[in-house]
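Structural features, examined
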Amino acid sequence: MIGAKILLVDDEAVFTKNMSKLLANRGYVVTAVNSGDAAIQVMEEKDFDVVVLDLKMPGMDGLTTLKEIKNLGLFTETLLLTGHGSIDSALEAIKLGAYDYLTKPCEIDELVAKIEGAWEKKDVKAKKDMNEKIDRLVESPGDVFKLFPKRKKIKNVSSRLFLTYHAFMLS
Amino acid sequence: MLKKTAINDINLEEQPDDQRRLYYRKIFRKFVLLTILCSLIPLLLVGWAINIHYSDFANTRVMKSFQTRIEHHRQVIELFLRQRSSMLELIAHSHTKQYLNQAENLSKMFELINREKGSITDLGLIDENGRHLAYIGPYDLMNCNYSKTFWFKEVMNQGIFISDMFMGFRQEPHFVIAVTSSSQGKKWILRATVDSEAFRSLVENVRIGKTGEVYLLNQQGIFQTSSRFEGRIMEKAAFEMEPVHSGIKVRILDAQPANGTRHPRQVVSHVWLDEPKWLLVVKQDYAEAFTDVNHANYAVLFFLHLSALIILIVTVFITRHMINVIKQRDREADQLNRRLMQAGKLASIGQLSAGVAHEINNPLAIILTERQLLLDAGRLCPHPEPVFVEQFDDSMSQIDVQVQRCKRITQNLLRFARRTKSVIDTVNINSFLGEVIELMKREARSSGIKFMPDFDENIPPMLSDPSQLQQVFLNLITNAIDAHEQKPYGSVSINTRISGSRDGVEILIADTGSGITPENVDKIFDPFFTTKMVGKGTGLGLSICYSIIKRLGGEITLTSIINEGTEFKIYLPYKPSAKLIEAMEKGDGEFD
């Protein structure tokens, strides 16, 4: 079974490198970036199940990045890594829609457990969404849908809207 | 080493002792000196000046009174003499020698003059050759020839003459008044002896106080009247004679050693009579003459110096009181400074440590990932050497232990520095403490420690931050248990009571552990100060307690006796002040 697709965001390059390896060893597909901006960019191009996001980063910090990610309107769940002192920010992040937080330094097993939780939640949400769409599909037979099984996407071809990437992702 | 020390009682008494004492003494001296300069000296100067002026004034008055007195006496004496000489002159010029030569006529004149009592004792008519022509009087002097006597020559020359006192034929002190007249070209003399009793009583009976006296001297310094103290009539006086002068002289005379019995100083006034040239002397002891003045002076000086003394004493007392107030203020300021310093220390260390902890967390995270990578790689290794595997596992677990230790330190640091919002809630302190004790019971039992709670049931529910309080009590009780490391068993008593002096509760946590040395008591709340073994304590527990209790508006103090135990006393208000709550809700005010 292919593990979850994970985006690792941390300004410490060594940390992301090591963590990528560790997660890869555990069967995850890991992409690592070293800033919030890079994370957003990569997410616009690729689909991820779980984002592991460091709170304290130069440039765009964790919270801002989280808001941007939420603006993308994906099902992707976010896990936050925080120093103990910024638990307030972590709580703030949960309010903003993050799945959970972990205090740094963290045990790999702990992280894996949380990732699994997040992935499951994402899947549940995605499946639920899919079911709704299928229901809608059933209710509106006039529309023509095109399936993209590889990407687990269905496209309503009959709507003549010009779909932006975002809208495409939404539909 | 058995010394009791309380953290809040450490004041300046044991700090800059000598310097402070010198400083206070200096202020004291300055104050007293200033008061003396500003009040005592002017007071004394004014007092003395007034005294001197008054003395001068009073002296002048006394001298004046002497002048008046002597003037009066002179007038009386001169009047007495002038009366008698005028009468003689009148008789001599209004009657003829022949007329007076007859005894009955002369006697008639004698009676006429003596109509006023104590006037003259005898009356005689003498011719130009000094022979007695007629005589009325108690003595038999008819055959006396006066041509050789001193007064005969004088009267023949001057026409009128008043003699000095002399013994004469009758051998007792007397003096005569003689006038000349002439008939048929021949001079004759009418001579009278003045009633010396009457005259002397006129002078000698004058009484001036106890020591005063009046007497007369002739130009040779012979007493013309008896003196009460200095000599009898006709004796030579010790008085220092002056040439004849006009006017009254008053002087202060220091007594001559010869007159040892007299007072040392005298006031002497004297004046020369017109005729005869006698010196009228009025004398009084200086002390008596100036009694009133001196009394007044002494009274003024006494009250002056008394008030100066009172001012001095009052100044000393007030200054001492003020110094005490200053001492008290200094002590309070010192205490405040110490607290501010403690707070400041905590604040700066808090900020520093937050930064440091964050920075350390990242490398720690990397170390952990590296360890995990190695473990992963190790697992993939097909045939590892058993020796290697043993060492590898050992190192890996040690790395984990040490990283966890670092993590604990940074977590404590961050908790200490954290700016979290306080959550104020109702706390029932007794049941709350009961829960904490329950939590710690197992650890305590394994160390042989017994908890001895003693709660005051009347404590009302209060407003505070339960989670932060829990942190405080956990820290303190952990410390109390750890303090028994050197002892096989012990107890930790936990008391609550309503504060007697303030609006709140007091929580006492006392252990029977090893105690804290007095030099450590001072540092016990400092961050990173620990007496625990390396690796066991971070030195932040009590700092955290201190800052939490401060934040909640309370106070934490401790007393400790070496080898007997330590007692922490926490005061907590029933509710934090409104300002505090507001600050807490904002999430700041951490290190105020």
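Relevant structure appears above.
In this report, the structure presented in the accompanying data block is examined. (Residues numbered from 1 in each chain as written. Chains lettered and ligands numbered in written order. Predicted model: local features only at pLDDT ≥ 70, side-chain atom pairs only at ≥ 80, totals over all residues. Heavy atoms only, no water.)

**Focus on the overall build of chain B**
Applied cut-off: Working definition: helices are DSSP H or I runs of at least four residues, strands are E runs of at least two. Numbering for both runs from the N terminus. Burial classification: accessible surface area is computed with a 1.4 Å probe over protein chains only, and a residue below 20% of its type maximum counts as buried, one above 50% as exposed, and the rest as partly exposed. Contacts are residue-level and defined by heavy atoms, with any inter-residue pair within 4.5 Å sufficient. Computed with a 1.4 Å probe, the accessible areas rest on the Shrake-Rupley method; for each residue, only the protein chains presented here act as cover.
Helix and strand content of chain B: 13 helices and 17 strands. The buried share among the 592 residues of chain B stands at 45%. When contacts within chain B are restricted to residue pairs at least 6 apart in sequence, those whose partners lie at least 24 apart make up 65%. When the accessible area of chain B is evaluated, it comes to approximately 31800 Å², of which 56% is carbon and sulfur surface.

**Section: the overall build of chain A**
Each helix and strand counted, chain A has six helices and seven strands in total. Ordering the α and β elements of chain A from the N terminus gives β-α-β-α-β-α-β-α-β-α-β-β-α. Counting every position in chain A, which comprises 171 residues, the buried fraction comes to 42%. Put simply, of all contacts in chain A between residues at least 6 apart along the chain, 59% involve residues at least 24 apart.

**Here's the deal with the sheet that holds strand S4 (residues 160–162) of chain B**
Strand pairing in a sheet takes place through backbone hydrogen bonds and is either antiparallel or parallel in direction. Residue and element names in this part refer to chain B. Which entries qualify depends on this criterion: We call two strands paired when DSSP finds no fewer than two bridges between them. Here, axes are lines fitted to C-alpha atoms. For helices the fit covers the stretch in contact, and angles between N-to-C directions go from 0 to 180 degrees.
Reading across from one edge, S3-S2-S6-S5-S4 is the order of the five strands in this open sheet, with antiparallel pairing throughout. Lying at the two open borders of the sheet, with one neighbouring strand each, are strand S3 (132–136) and S4. Adjacent strand axes in the sheet meet at a mean angle of 15°, parallel and antiparallel pairs treated alike. Alignment of strand S2 (residues 120–127) against strand S6 (residues 186–194), held across seven bridges, turns out to be antiparallel. Among the inter-strand pairings, Leu-125 is bridged to a residue of S6, identified as Leu-190. Packed onto the sheet, helix H1 (residues 17–94) meets S2, S4, strand S5 (176–183) and S6 and runs at close to 20° relative to S5. Of the strands in this sheet, S2, S3 and S6 touch helix H3 (residues 103–113), which is tilted by about 140° from S2.

**Regarding the sheet that holds strand S4 (residues 77–82) of chain A**
All names here are of chain A. One open sheet holds the five strands; their spatial order is S2-S1-S3-S4-S5, and the pairing between them is parallel. Strands with a single pairing partner mark the edges of an open sheet, and in this sheet they are strand S2 (29–33) and strand S5 (100–103). Within this sheet the neighbouring strands show an average axis-to-axis angle of 20°, counted without direction. Pairing of strand S1 (residues 5–9) with S2 involves five bridges; the strand directions are parallel. By the bridge assignment for S2, Ile-6 is matched with Val-30. Across the sheet, helix H1 (residues 13–25) lies against S1, S2 and S4, angled at about 175° from S2, the strand it touches most. Together, S1, S2 and strand S3 (50–54) form the strand contacts of helix H2 (residues 36–45), whose direction differs from that of S1 by roughly 160°.

**Details of helix H12 (residues 541–551) of chain B**
Most of H12 of chain B sits out of view: nine of its eleven residues are buried. When H12 of chain B is considered as a whole, its buried residues turn out to be Leu-542, Ser-543, Ile-544, Cys-545, Tyr-546, Ser-547, Ile-548, Ile-549 and Arg-551 of chain B.

**Here's the deal with the environment of Glu-435 of chain B**
Residue and element names in this part refer to chain B. Mapped onto the secondary structure, Glu-435 falls in helix H9 (residues 429–446). Residue class for Glu-435 comes out exposed when judged on its relative accessible area of 52%. Separated by 35 residues in the primary sequence, Glu-435 and Gln-470 place their C-alpha atoms 9.3 Å from one another.

**As for the side chain of Asn-297 of chain B**
Residue and element names in this part refer to chain B. The test is simple: Here a polar contact means two N or O atoms within 3.5 Å. Within protein one must be a hydrogen donor candidate and the other an acceptor candidate, and residues neighboring in sequence count only if both atoms are side-chain atoms.
Tracing the chain through its elements places Asn-297 in helix H7 (residues 291–380). At 2.7 Å, the side chain of Asn-297 forms a polar contact with the side chain of Ser-55. Aside from chain neighbours lying at most four places away, what touches Asn-297 is Asn-51, Tyr-54 and Ser-55.

**With respect to the packing of aromatic side chains**
Residues and elements named next belong to chain B. Put simply, the test is: Pairing of aromatic rings covers Phe, Tyr and the six-membered ring of Trp, with a centre-to-centre limit of 6.5 Å; geometry is then stacked below 30 degrees between planes, edge-to-face above 60, and tilted otherwise. Only when the NZ of Lys or the CZ of Arg is both within 6 Å of the ring centre and within 35 degrees of the ring normal is a charge said to sit over the ring.
Considering all chains together, one arrives at 15 aromatic pairs over all chains under this definition. Taken together, a centroid distance of 5.5 Å and an interplanar angle of 50° make the contact between Tyr-23 and Tyr-24 tilted. By relative accessible area, Tyr-23 is classed as partly exposed at 44%. Judged by relative accessible area, which is 7%, Tyr-24 ranks as buried. Judged by centre distance (5.0 Å) and plane angle (40°), the rings of Phe-525 and Tyr-546 are tilted. With Phe-525 in the loop between helix H11 (518–521) and H12 and Tyr-546 in helix H12, this residue pair connects regions lying 21 residues apart in the sequence. Of the two residues examined, Phe-525 and Tyr-546, each falls in the buried class. Site record: aromatic cluster; members linked through ring pairs are Phe-80, Phe-175, Phe-199 and Trp-278. Above the ring of Phe-66, the side-chain terminus of Arg-69 is found at 5.5 Å from the ring centroid.

Function cannot be read off these values alone, since they describe shape.
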